[in-house]
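# Secondary and tertiary structure notes
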Amino acid sequence: MAQLWKGRFKKELAKETNDFNSSISFDCRMFEEDIKGSIAHATMLGACGVIQKEESEKIASELSNILNEIKSGELEIDMSAEDIHTFIEGDLTSRLDSLGKKLHTARSRNDQVALDIRMVLKKETDKIINMLKKLVSVLVLKAEENKETIMPGYTHLQRAQPITLAHHLLAYCFMLLRDISRLDDAKKRMNFSPLGSGALAGTTYPINRDLTADLLGFEGPCKNSLDGVSDRDFCIEIASVLSLVMVHLSRFCEEIILWCSWEFKFIELDDAFSTGSSIMPQKKNPDIAELVRGKSGRVFGDLTTLLTIMKGLPLAYNKDMQEDKEAIFDAVDTVKMCLCAFTPMIETMSVLKENMRAAAAKGFINATDCADYLVSKGLPFRDAYKATGEAVALCIENGSTLETLSLEEYKSVCPLFEYDVFDAINLEKCVFNRISKGGPAIESVENQIKEIKENIYNQ
Ligand code: ARG
């Protein structure tokens, strides 16, 4: 397909140059946004008298035809074109001849491409927000079913203190809610239209930038034309939030993978979300969780790509910026793909409550409660800590647990121990007395669930 910028050139572009220079293979996905942006631009040119009203209407209606034809498959995008902007304008011109050539008045591909990416990302960000909300609501459902499912909580991957599965799952809900709010926030900053920035220095035509911004659902035009065409902060911001989403999913996946192992056996994934081995008949592998964990690397890579592309660029547009799209689209697509597989995997997993409870009974995870018991008998915490440590050492020596130690043995490390210690170290009590805000007690968990629900439904 011929270039739009002939005139100054005497030779056709070398095929290698065209292939290297072309971005249509990855910017063709912006066809709808490109056409809608052009319709708004043409409408504005007509409204401002830069072209005649009838001309702008004709251009807009032919652009709508092009949009419908591409959507229906009647019009195929020419992959030899330089980019989607060139293709649409070229096709319009082939239909309207000299009228089509008026569309690019008071516009540059620099403001056009910046507009298209913003429009695509607005749409994609909304989709990801909805997918994250869906995941949060699935987690809340699972949490509601597991408010009394006691499991060990860990630090350093060593059994630490008793919690419930609900409490654990809600921790992820709060991470994801922060991601949703970060995306919302990034969307607000992205919601300004670069259209009318021209190549870099605005235009002498009497255009109305507020009108195009308004027609396209932006809060207003970007405030500075140089910034309007040079800014890709919004791509970097979204890629960075998406990287954080992947950090959260990846940490969760790591736990899913551990929990599926025979060493833990806290959960079992549904057959539809697991895979087998080609040689070991007994295997049921958590491949989806592993892939999500692995794909986090791609998204971090996309963020690094964007940061590196932008860091040395003088104002305003530089062709390096064409590389932004593959990176940000890959980040968006990867996160969507991961959420698509991850959410139903969580929704369908079975929780092996007895195994969680059995694991919680080992590892002395009620030792802090035992020390707190001595504090309630008047011992300073540091002394209580030491006495309990000695009781644990005794258990390890005898192969017993804090529950099975005799009162005499307890008294041998501290005379303040009485029979009621057994009540104080009862796991159920240890968990359900942790009523501090944000804790694992049923009441605290219910408050957290309430807050999460309010947060999702109010946004
Ligand atoms: N395909 C180009 C991109 O994605 C469009 C902008 C071209 N602008 C230019 N001055 N060559 O960045």
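Residues numbered from 1 in each chain as written. Predicted model: local features only at pLDDT ≥ 70, side-chain atom pairs only at ≥ 80, totals over all residues. Heavy atoms only, no water.

## So, the overall build of the protein chain
Assigned secondary structure in the protein chain consists of 19 helices and six strands. Taking 459 residues into account, the globule formula puts the C-alpha radius of gyration at 23 Å, and the protein chain, at 31 Å, lies well above it. Dimensions of the protein chain along its principal axes, counting C-alpha atoms only, are 100 × 50 × 40 Å. Across the 459 residues of the protein chain, 51% fall into the buried class. Contacts spanning at least 24 positions in sequence make up 76% of the contacts within the protein chain whose residues lie at least 6 apart. (Helix = DSSP H or I, 4+ residues; strand = E, 2+ residues; numbered from the N terminus. Rg over C-alpha atoms; globule rule 2.2 N^0.38 Å. Buried < 20%, exposed > 50% of the residue type's maximum accessible area, 1.4 Å probe, protein only. Contact = heavy atoms within 4.5 Å.)

## Describing the site of the ligand
Taken together, Ser-23, Asp-27, Asp-83, His-85, Arg-109, Asn-110, Val-113, Tyr-317, Gln-322 and Lys-325 form the complete shell of residues around the ligand. One of the side-chain nitrogen or oxygen atoms of Gln-322 is found 2.7 Å away from a nitrogen atom of the ligand. For the ligand, an oxygen atom lies 2.6 Å from a polar atom in the side chain of Lys-325. If one sorts the elements of the shell around the ligand by residue count, helix H6 (residues 109-145) sits on top with three residues. Partitioning the shell around the ligand into residue classes produces two nonpolar, four polar and four charged. (Near = heavy atom within 4 Å. Polar contact = N/O pair within 3.5 Å; in protein donor to acceptor, adjacent residues only side chain to side chain. Nonpolar A, V, L, I, M, F, W, Y, C, P; charged D, E, K, R; others polar.)

## A few points about the pattern of salt bridges
A complete count under the given rule lists 35 salt bridges for this structure. Between Lys-102 and Glu-55 there is a salt bridge, with the nearest N and O atoms lying 2.7 Å from each other. Separated by 47 residues along the polypeptide, Lys-102 in the loop between helix H5 (84-96) and H6 and Glu-55 in helix H4 (residues 53-72) bring together distant segments of the chain. For Lys-102, a relative accessible area of 32% puts it in the partly exposed group. Given the relative accessible area of 16%, Glu-55 is considered buried. (Salt bridge = Lys/Arg side-chain N within 4 Å of Asp/Glu carboxyl O.)

## Observations regarding the layout of surface pockets
Taken as a whole, the largest pocket holds about 450 Å³ of empty space. As for the largest pocket, its lining consists of 20 residues, and the residues nearest its centre are Gly-153, Tyr-154, Ile-163, His-168 and Glu-255. Secondary-structure elements contributing two or more residues to the lining of the largest pocket are strand E1 (150-155), strand E2 (158-164), helix H7 (165-190) and helix H10 (233-260). Counted by class, the lining of the largest pocket contains 11 nonpolar, six polar and three charged residues. The computed volume of the second largest pocket comes to approximately 310 Å³. Every residue lining the second largest pocket is counted, 14 residues in all, and those nearest its centre are Cys-260, Ser-261, Trp-262, Lys-265 and Lys-284. Mapped by element, the contributors of at least two residues to the lining of the second largest pocket are H10 and strand E5 (267-268). For the lining of the second largest pocket, the class distribution of residues is six nonpolar, four polar and four charged. (1 Å grid on protein atoms, 1.4 Å probe; cavity = no way out; pocket = protein on both sides within 12 Å on 5 of 7 lines; lining within 4 Å. Points joined across faces, edges and corners; volume = space filled by probe spheres on them.)

## Remarks on the environment of Ile-425
One can find Ile-425 in the loop between helix H17 (421-424) and helix H18 (427-432). On the basis of relative accessibility, which here comes to 0%, the residue Ile-425 falls in the buried class. C-alpha separation for the pair Ile-425 and Asn-224, spaced 201 residues apart in sequence, amounts to 65 Å. When neighbours within four sequence positions are excluded, Ile-425 is seen to be in contact with Asn-366, Cys-370, Leu-402, Glu-403, Tyr-410 and Cys-430.

## Considerations on the packing of aromatic side chains
This model, assessed by the stated rule, comprises 10 aromatic pairs. Between Tyr-172 and Phe-252, the ring centres sit 3.9 Å apart and the planes meet at 10°, which makes this aromatic pair stacked. On the criterion of sequence distance, the pair formed by Tyr-172 in helix H7 and Phe-252 in helix H10 is long-range, its members being 80 residues apart. A relative accessible area of 6% places Tyr-172 in the buried class. A relative accessible area of 2% places Phe-252 in the buried class. Centroid distance Tyr-410 to Phe-422: 5.6 Å. Interplanar angle 75°. Geometry classified as edge-to-face. Residue Tyr-410 is found in helix H16 (residues 407-413), and its partner Phe-422 is found in helix H17; the two are separated by 12 residues along the sequence. (Phe/Tyr/Trp six-rings, centres within 6.5 Å; stacked < 30°, edge-to-face > 60°.)

## Quick word on the pairing of E2
Across six bridges, E1 lies against E2 in antiparallel orientation. Following the sheet pairing, Met-151 is matched in E2 by Ile-163. Linking E1 to E2, which pair antiparallel, is a turn of two residues; within it His-156 sits at a positive phi near 55°. (Pairing = 2+ DSSP bridges.)

## Thoughts on the packing of H6 against helix H19 (residues 442-458)
Relative orientation of the contacting elements H6 and H19 amounts to 160°, with a least axis distance of 11 Å. Classified by the interaxial angle, the pair formed by H6 and H19 is roughly antiparallel. When you trace H6 past H19, the crossing you get is left-handed. Each of Lys-133, Val-136, Ser-137, Val-140, Ala-143 and Glu-144 in H6 lies in contact with H19, whose residues at this interface are Ile-449, Ile-452, Lys-453 and Ile-456. Split into classes, the residues belonging to the contact of H6 with H19 amount to six nonpolar, one polar and three charged. (Axes fitted to C-alpha atoms, helices over the stretch in contact; angles between N-to-C directions. Parallel < 35°, antiparallel > 145°, perpendicular 65-115°, else oblique. Left-handed = near helix turned anticlockwise from the far one by under 90°.)

## Topic: unusual backbone geometry
Between Leu-315 and Ala-316 the backbone carries a cis peptide bond, its omega angle lying at 0°. Phi at Asp-97 is positive, roughly 55°, even though this residue is not glycine. The topology assignment puts Asp-97 in the loop between H5 and H6. Phi is positive for His-156, close to 55°, though the residue is something other than glycine. By secondary structure assignment, the location of His-156 is in the loop between E1 and E2.

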